Structure formats: structure tokens, C-alpha cells
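Each chain, written out:
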Amino acid sequence: MIYGLFKKCMSHFLSFNKLRLTSAKVRTSITLKRECLDRMSIFSYFCNNLIGEGLFFGSSWFICTDMIQILVIDDEDPIRNLLARMIELEGYKVWKASDCQSALKLLKAQPFDVVLCDVFLPDGNGVDFIREIKKHRPEAEVILLTAHGNIPDGVQAIKNGAFDYITKGDDNRKIIPTISRAVDEVEKKKGKVAPPVS
């Protein structure tokens, strides 16, 4: 049964790869995004749950880890889950943490590309936590979210290495475009962005 599901999973994932010519094209169609998300969710399940059983080797594991991974850190469950769902619909792999300690464990274990972090957390401050994020994942871009934005925090966040500083509520429509820009920046660092067509 597992082998049959695995074969079906791989078939869906390979079909998805044919559709996803570039990350930009995936984001242009809501229908395509949702179809791709369903297929990636199947493959992600196998990667996350069966890798320990030795069922994935070589390029299969590379495909899984090559997917853009985003960490959402927020202590409010409804906001954290909403943000995660929004980002998943864009075709990204999303991980969630409710505080600095749990986020730190994930940062040590996973190669995150973008971190979306609340400023006020139960066991720390997001502005200061940027340094810890960069210590473990220097290549990751960090976007800070706050319910009460203020200029000093914004300035300090940028100094600490944040990609951007967004106020919840007022700037909700900026979240996905900002993540997209952060992903583009990460891909430039990795050398994965194709040069513009002249």
C-alpha cells in the first residue's frame, strides 16, 4: 500500500515539475497554485514522514529540500495558522513556531529561506531575535511583523539584518508581495534567478 501511494505521489510530483517552469509562473494562476499545492503536500508528507525509514535517496531528497521553505513565528494561533495557509497557497513549504525557543530548534534543523517573525513573543523580542536567526541561517531573509509599529523598532530591525518590517492590519496586503521579494533575493544569492530576457 505504501509503495503504491509512493508511486502515485512521485507521478503527481513529476507532473507538477513539468507545470512549474518558473516560480513566477506558478504564482500567476490561482487554479494552478492550488493544484500544485495539493501535489506538493502529498510529496512533502512522504519526505517528512518516511525519510527516517530510508525510503528516499539522492535526488528525491534533494527535490524536497530544494523547495522554498518559510518559517512563521507568532504566538497567536489564529494569526500563525492564517499566515501559514496564505503562504502555502503561494506554493511554499511552511513551518510554524509559537516562540523563540521552538523556532530556534527548527532553525538548527531546517534550511529556511525566509523567516516571518512577530516582534512580541512570549520568550523574547523579534527585533533582537533577528541576530539569533542570522547566526544559524545567515542566508535567510527575515521579515518582522508587529501589531504596533514604531520607527525606532523598524530602524533597529533593519540594522539587525531584517529584510523588511511590516505592521499587521495596515500592511496585510504587503505580506505576500514582501515574501515574494525576499524569496527572489534568496534565489539571487543561490544563483537560481534567470537573467531578464532582452
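It should be noted that the structure appears before, not after, this text.
Scoring rules and cut-offs
- Residues numbered from 1 in each chain as written.
- Predicted model: local features only at pLDDT ≥ 70, side-chain atom pairs only at ≥ 80, totals over all residues.
- Heavy atoms only, no water.
- Helix = DSSP H or I, 4+ residues; strand = E, 2+ residues; numbered from the N terminus.
- Buried < 20%, exposed > 50% of the residue type's maximum accessible area, 1.4 Å probe, protein only.
- Areas by Shrake-Rupley, 256 points an atom, 1.4 Å probe, with all protein chains shown as cover.
- Expected span 1.5 Å × (residues − 1).
- Pairing = 2+ DSSP bridges.
- Axes fitted to C-alpha atoms, helices over the stretch in contact; angles between N-to-C directions.
- Contact = heavy atoms within 4.5 Å.
- Phe/Tyr/Trp six-rings, centres within 6.5 Å; stacked < 30°, edge-to-face > 60°.
- Lys NZ or Arg CZ within 6 Å of the ring centre and 35° of its normal.
- Arc of directions from axis to C-beta.
- Polar contact = N/O pair within 3.5 Å; in protein donor to acceptor, adjacent residues only side chain to side chain.

The next thing to look at is the overall build of the protein. Assigned secondary structure in the protein consists of nine helices and seven strands. Within the protein, buried positions represent 42% of all 198 residues. Within the structure as shown, the protein displays about 11000 Å² of accessible surface, and the carbon and sulfur contribution to it stands at 57%.

Owing to its 3.6 residues per turn, the α-helix aligns residues three or four sequence positions apart on the same side. For helix α9 (residues 175-190), with 16 residues, the first-to-last C-alpha span of 23 Å sits near the 22 Å given by 1.5 Å per residue. Listed as buried for α9 are Ile175, Thr178, Ile179, Ser180, Ala182, Val183, Val186 and Glu187. One or two positions beyond α9, positive phi appears at Gly191, with a value near 75°.

Turning to the sheet that holds strand β6 (residues 141-146), a few remarks are in order. Sheets are built from strands paired through backbone hydrogen bonds, the pairs being either parallel or antiparallel. Read across the sheet, five strands follow the order β2-β1-β3-β6-β7 without closing on themselves; strand pairing throughout is parallel. In the strand order of this sheet, the two ends are held by β2 (93-97) and β7 (164-167), each with one partner. The mean angle between the axes of side-by-side strands here comes to 20°, regardless of whether they run parallel or antiparallel. Strands β1 (69-73), β2, β3 (114-118) and β6 of the sheet are contacted by helix α5 (residues 77-88), whose axis makes an angle of about 170° with β2. Strand contacts of α9: β1, β3, β6 and β7, with the helix running at about 165° to β6, the strand carrying the most contacts.

Attention shifts here to the packing of aromatic side chains. What the rule picks out here adds up to one aromatic pair. When the ring of Trp95 is compared with that of Phe112, the centres are 6.1 Å apart and the planes differ by 85°; the resulting orientation is edge-to-face. With Trp95 in strand β2 and Phe112 in the loop between α6 (100-109) and β3, this residue pair connects regions lying 17 residues apart in the sequence. Given a relative accessible area of 1%, Phe112 falls into the buried group. For the cation-ring pair, Lys93 lies above Trp95, with the distance from its terminal atom to the ring centre recorded as 5.0 Å.

Our next topic: helix α7 (residues 126-136). The complete set of buried residues in α7 reads Gly126, Val127, Phe129, Ile130, Ile133 and Lys134. Take α7 and look down its axis: the buried residues cluster within an arc of 150°, on one side only. On its buried side, α7 packs onto β1, α6, β3, β5 (124-125), β6 and α8 (151-159). Of the residues that open α7, the one with a side-chain oxygen 2.8 Å from the backbone nitrogen of Val127 is Asn125.

Turning to the environment of Glu139, a few remarks are in order. Mapped onto the fold, Glu139 is located in the loop between α7 and β6. Among the residues examined, Glu139 registers a relative accessible area of 32% and is labelled partly exposed. With residues up to four places along the chain from it excluded, the contact list for Glu139 reads Phe112, Asp113, Val186 and Lys189.

The buried fraction of β3 is high, at five of five residues. Of the two faces of β3, the one carrying Val114, Leu116 and Asp118 and the one carrying Val115 and Cys117 are both buried. Pairing of β1 with β3, which is carried by four bridges, proceeds in the parallel orientation. The partner of Ile73 across the bridge, within β3, is Cys117. Of the pairings in the sheet, the one linking β3 to β6 comprises five bridges and is parallel in character.

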